[in-house]
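Spelled out, the chains give:
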Amino acid sequence: MRNGYYPLFIDGRIVKPEGLSYLRDFPEDLASLALENYSDGVLFGFSISTQEGKVLITKGAVKYKGEIAVVSDSAIDMVGFGHWSHVKLVLGEKRKTKDNTICSTEVVVDSHEAKAENEIELGRFCLNLGAVLRREYDSFSDLRTPENTLDITRVLYAGKEAPTLHPRVLKEFAQALMACSDETLDVAFALTCFNSRVVHKRSIQWYLAKKTDNPYEDFALDELFERLVELLPDQYLRQKPKRPRGKGPDIS
């Protein structure tokens, strides 16, 4: 119900303009209220895989300049093998016509990092010819394995007040943390990662501050991941490959 109004679509009644306005406005209003304190970034979806020379990206939703956009599935030709491929969402400026408000959205795969204001990274990988893109990880640091592995550690994920780390990254961290620590702080943070759809950046930074006995500090997302890596013992960071991998890219 919106403003005390709920249209009834029943036989014998004429569909009124206010009824159509309700269908248009109610879902948008509800989503905007639920996510009004969230930053720009990915909200849901955008799972990435490869198949037969194509990069497949499932549909997803983002927040951009305070507005929510839903983007359809994409299938994009590979841009080559043996070097980094960056999967990005590129958003256009909002414009109005007589009938619509339009903001163009396009998923792009190329060799350049997302740096423009209207580009949001969805993932990156370096796939060798004949290899299959790997989306399961053998350890927490395996999230950054350069060859044939989907890297989501740099995805701009929407969080309260500021972008945060991808939920999958934090669940992988929580898995390793629960295996190596019984400390109350670690267990509480790990359970938060497991049970929350999104763990906000401020929560991660407070955990780091308390864990290291340092003052609260604001980190870039890339450094935030590295700080989490530093907290885990070596045996939970060492790569444990379960399948052959090709030669990776030169990342020196």
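Our subject in this report is the structure included herewith. Everything numeric here is computed off the predicted structure, so don't read it as measured data. By convention here, each chain's residues receive numbers from 1 onward along its written sequence. Where local features are concerned, this predicted model is filtered to residues with pLDDT of at least 70; where side-chain atom pairs are given and counted, the filter is 80 or more; whole-chain, interface and lining totals use all residues. Neither water nor hydrogens contribute to the side-chain values; these are computed over all heavy atoms in the structure.

Some words on the packing of helix α3 (residues 184–195) against helix α4 (residues 201–212)
Here's step 1: Helix axes are fitted only over the stretch in contact, all axes being lines through C-alpha atoms; the angle between N-to-C directions runs from 0 to 180 degrees. A run of H or I in DSSP becomes a helix once it reaches four residues, and a run of E becomes a strand once it reaches two; helices and strands are each numbered from the N terminus. Running from N to C, α3 and α4 point in directions that differ by 165°, and their axes come no closer than 11 Å. One finds that α3 runs roughly antiparallel with respect to α4. Where α3 crosses over α4, the two elements pack in a sense that is left-handed. Together, Leu185, Asp186 and Phe189 of α3 and Ser203, Ile204, Tyr207, Lys210 and Lys211 of α4 make up the contact between the two elements. Working definition: roughly parallel below 35 degrees, roughly antiparallel above 145 degrees, roughly perpendicular at 65 to 115 degrees, and oblique for all remaining angles. Should the near helix be turned anticlockwise from the far one by less than a right angle, the crossing is left-handed, and should it be turned clockwise, the crossing is right-handed. Contact definition: two residues touch when any of their heavy atoms are within 4.5 Å.

Remarks on a nonpolar patch on the surface
Here's step 1: A contiguous nonpolar patch, built from Phe9, Val15, Leu20 and Leu23 and spanning about 390 Å² of accessible area, is present on the exposed surface.
Here's step 2: Following the sequence through the fold, Leu23 ends up in helix α1 (residues 17–34). Like charges within 9 Å and nonpolar side chains (Val, Leu, Ile, Met, Phe, Trp, Tyr) within 5 Å are joined into patches, using only residues over 30% in relative accessible area that form no salt bridge. Surface accessibility in these figures is a Shrake-Rupley result with a 1.4 Å probe; residues are shielded only by whichever protein chains are displayed. One speaks of a salt bridge when a side-chain nitrogen belonging to Lys or Arg is within 4 Å of a carboxyl oxygen belonging to Asp or Glu.

Describing the pattern of salt bridges
Here's step 1: The final tally for this structure, using the stated rule, is 20 salt bridges.
Here's step 2: Asp151 is the salt-bridge partner of Arg144, the closest N and O atoms lying 3.8 Å from each other. For the residue pair Arg144 and Asp151, the accessibility class agrees, reading buried in each case.
Here's step 3: The salt bridge partner of Arg202 is Glu161, with a shortest N-O separation of 3.2 Å. Of this pair, Arg202 sits in helix α4 while Glu161 sits in the loop between β11 (119–126) and α2 (167–180), and the two are 41 residues apart along the sequence.
Here's step 4: Burial classes follow relative accessibility: with a 1.4 Å probe on protein chains only, a residue under 20% of its type's maximum area counts as buried, one over 50% as exposed, and anything between as partly exposed. Overall, the relative accessible area of 61% leaves Glu161 in the exposed class.
Here's step 5: Overlapping salt bridges bring together Arg144, Asp151, Arg154, Asp222 and Glu226 as one network.

Considerations on the side chain of Gln205
Here's step 1: Note that Gln205 resides in helix α4.
Here's step 2: What makes Gln205 buried here is its relative accessible area of 2%.
Here's step 3: Throughout this description, a polar contact denotes any pair of N or O atoms lying within 3.5 Å of each other; where both atoms belong to protein, one of them has to be capable of donating a hydrogen while the other can accept it, and for residues adjacent in sequence the pair is counted only when both atoms sit in side chains. Within the structure, the side chain of Gln205 is placed 3.3 Å from the side chain of Asp218, a separation counted as a polar contact.

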